[in-house]
Amino acid sequence: MIALTSLKITRLRSLRKRLKNSRAFRTAAASYLAFISTAVWGLVTISVAVSYLTKEELGVWTVVSAFLGYLVWMDLGVGGATGRMMADSVAQRDRDEINRWWTATRAVLFCQGCLIAIIGLLLAPTLITFLNVPTNLIEEARWVFMSGAIITGLSLLMRGAPGLLMAQERFYWVPLLQAVTPWLNLAVFYLLLRAEYGLRAYLWALAASQAATWIAYYLLIRQSPDRPRYDRTGFERSRFRRLFGFSGNLTVIGLIDTMMATLPALMIARLGNLSSVPIYNFSWKGPLLLSGLVGRTYQSFYPGLQRLYVSGQTESFRKKHEQVGKITLGISLIAAAGVLSCNSMLVHFLTGGGFYIDEYGNLWFALAMITIPISGYFRILMPISGNLGKNAAI
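One structure accompanies this document, and this report is about it. (Residues numbered from 1 in each chain as written. Predicted model: local features only at pLDDT ≥ 70, side-chain atom pairs only at ≥ 80, totals over all residues. Heavy atoms only, no water.)

**Description of the packing of helix α6 (residues 138–155) against helix α9 (residues 200–222)**
It is at 9 Å that the axes of α6 and α9 come closest, and there the two elements cross at 5°. For the element pair α6 / α9, the angle class is roughly parallel. Mapping the contact onto sequence places E140, W143, V144, S147, G148, I151, L154 and S155 in α6 and R200, Y202, L203, W204, L206, A207, Q210 and W214 in α9. For the contact of α6 with α9, the class distribution of residues is 10 nonpolar, 4 polar and 2 charged. (Axes fitted to C-alpha atoms, helices over the stretch in contact; angles between N-to-C directions. Helix = DSSP H or I, 4+ residues; strand = E, 2+ residues; numbered from the N terminus. Parallel < 35°, antiparallel > 145°, perpendicular 65-115°, else oblique. Contact = heavy atoms within 4.5 Å. Nonpolar A, V, L, I, M, F, W, Y, C, P; charged D, E, K, R; others polar.)

Here it is as structure tokens:
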């Protein structure tokens with residue numbers, strides 16, 4: 001009995017040591033930490049915002065966030081493609097090729113960042129008119145729209161940093177930053193709201209969190225084992241052609257996901273009024289978090305499914321995918337039941353009342369808990385088989 005207990009302790013210590021040294025475990029743990037942290041941050045932010053902003057100001061806040069989300073995807077997927085383009089050269093420790101790819105992607109992102117800032121500045125007045133912003137908020141909304149576009153443009157310079165960290169198997173830093181920086185954002189937001197900055201508190205909070213992220217990525221890249229440097233030989237037409245050829249489908253997929261997430265709020269602002277936007281946004285917050293949690297279920301099986309597919313184990317792949325589908329459906333039904341039974345209480349708890357959509361709207365949110373994960377479950381087949389174009393089309 002003593003020998004058996006000693007063996008178990010030895011195995012546990014061995015497992016703990018392996019997990020401690022496992023980069024995959026670090027990344028997974030950091031990813032779930034980021035999910036929990038951002039989920040709690042999002043809910044707390046709602047309570048803070050409701051305490052200091054009017055419904056119209058909350059509507060502008062939501063619409064500006066949606067607008068900036070669209071601007072981010074004007075990088076045409078270059079930020080997301082950076083890691084894949086550099087993966088081979090990082091694996092081969094080819095410093096010259098690392099430098100060329102880093103130089104090429106930085107140059108493209110710099111130009112795109114300037115373009116985003118200019119487009120944001122030009123579109124802001126039109127959007128304010130289109131969205132029927134109340135007269136008393138027009139000046140403040142214009143300032144927030146335009147300044148937000150400039151901040152978003154500047155942030156593009158480091159948009160490729162997560163890709164480089166992924167290629168270097170140091171990606172766990174990315175979710176760790178995602179777990180920490182929102183709380184800096186919230187601290188600045190809260191303090192400035194108390195100081196009666198109104199909507200501008202959102203802007204300074206955004207600037208603070210983006211600056212912290214920028215500095216963190218800069219320091220991580222400086223400490224990189226293959227620290228990239230400027231190399232003008234990276235400016236090659238064939239290199240840019242390859243970069244945009246890969247990034248194009250990523251752009252379509254990301255832009256469509258952004259549209260699906262933000263279009264309802266923009267439509268409500270245009271066809272209804274800004275005070276209705278936070279009602280939709282806050283009522284959807286809980287279901288959205290549940291949907292993301294369910295999505296992590298099938299996404300966690302992605303590496304295993306891909307390995308079976310590329311190794312030609314067709315029957316094992318089919319069976320595993322079917323099992324993942326059953327698990328996804330079961331969890332989706334539980335999530336839908338949770339939305340039907342608890343979403344009203346959550347919204348009232350966070351806002352103090354007056355922001356819940358209604359039971360009919362909540363029924364549609366519950367239905368989305370089933371349709372969104374099931375759709376994602378089938379969509380993962382496309383990138384696994386290399387058909388990113390089909391995934392973008394779907």
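**Overview of the nonpolar core**
Counting residues in hydrophobic clusters, the biggest one holds 71 residues, and the most contacted among them are L58, V60, V133, F145, F189, Y202 and Y217. At 10 residues, the largest contribution of residues to this core is made by helix α3 (residues 55–72). If we skip the residues at most four places from it in the chain, V133 touches V60, I128, I138, A141 and L274. Judged by nonpolar contacts, the second largest core, of 10 residues, contains W284, V294, A336 and M369. (Core = buried A, V, L, I, M, F, W, Y, C linked by side-chain atoms within 4.5 Å. Buried < 20%, exposed > 50% of the residue type's maximum accessible area, 1.4 Å probe, protein only.)

**Description of the side chain of E97**
With respect to the helices, strands and loops of the structure, E97 is situated in helix α5 (residues 95–130). Among the polar contacts listed, one links the side chain of E97 to the side chain of R100, at a separation of 3.0 Å. When near neighbours in sequence (up to four residues on either side) are disregarded, E97 contacts S89 and R239. (Polar contact = N/O pair within 3.5 Å; in protein donor to acceptor, adjacent residues only side chain to side chain.)

**Here we look at α3**
The terminal C-alpha atoms of α3 lie 26 Å apart, and with 18 residues this matches the ideal 26 Å at 1.5 Å per residue to within 8%. The buried fraction of α3 amounts to 13 of the 18 residues, a majority that puts the element mostly inside the structure. (Expected span 1.5 Å × (residues − 1).)

**Remarks on the pattern of salt bridges**
Using the criterion set out here, one finds 7 salt bridges in the structure. One salt bridge in this structure joins R239 and E97, with 2.9 Å as the shortest N-O distance. Taken as a pair, R239 in helix α10 (residues 237–271) and E97 in helix α5 lie far apart in primary sequence, 142 residues in all. This pair shows no difference in class: R239 is buried, exactly as E97 is. The residue R142 makes a salt bridge to E139 at a minimum N-O spacing of 3.1 Å. Pair noted here: R142 and E139 are both in helix α6, with a separation of 3 residues, about one helical turn. (Salt bridge = Lys/Arg side-chain N within 4 Å of Asp/Glu carboxyl O.)

**Observations regarding a nonpolar patch on the surface**
On the surface, I36, V40, V44 and W183 cluster together into a nonpolar patch covering about 320 Å² of accessible area. For the nonpolar patch, the element with the most residues is helix α2 (residues 23–52), which contributes 3 residues. Looking at where V40 falls in the secondary structure, it is placed in helix α2. The exposure class assigned to V40 is partly exposed, which follows from its relative accessible area of 39%. (Patch = residues over 30% accessible without salt bridge, like charges linked within 9 Å, V, L, I, M, F, W, Y side chains within 5 Å. Areas by Shrake-Rupley, 256 points an atom, 1.4 Å probe, with all protein chains shown as cover.)

**A few points about the side chain of N99**
In this fold, N99 is placed in helix α5. A relative accessible area of 14% means that N99 is categorised as buried. Those residues in contact with N99 that sit more than four places away from it in its chain are R227, P228, R229 and D231.

**A look at unusual backbone geometry**
Residues other than glycine seldom take positive phi values, yet E196 does so here, at roughly 65°. By the secondary structure assignment, E196 is in the loop between α8 (173–194) and α9. We classify E196 as exposed; its relative accessible area is 72%.

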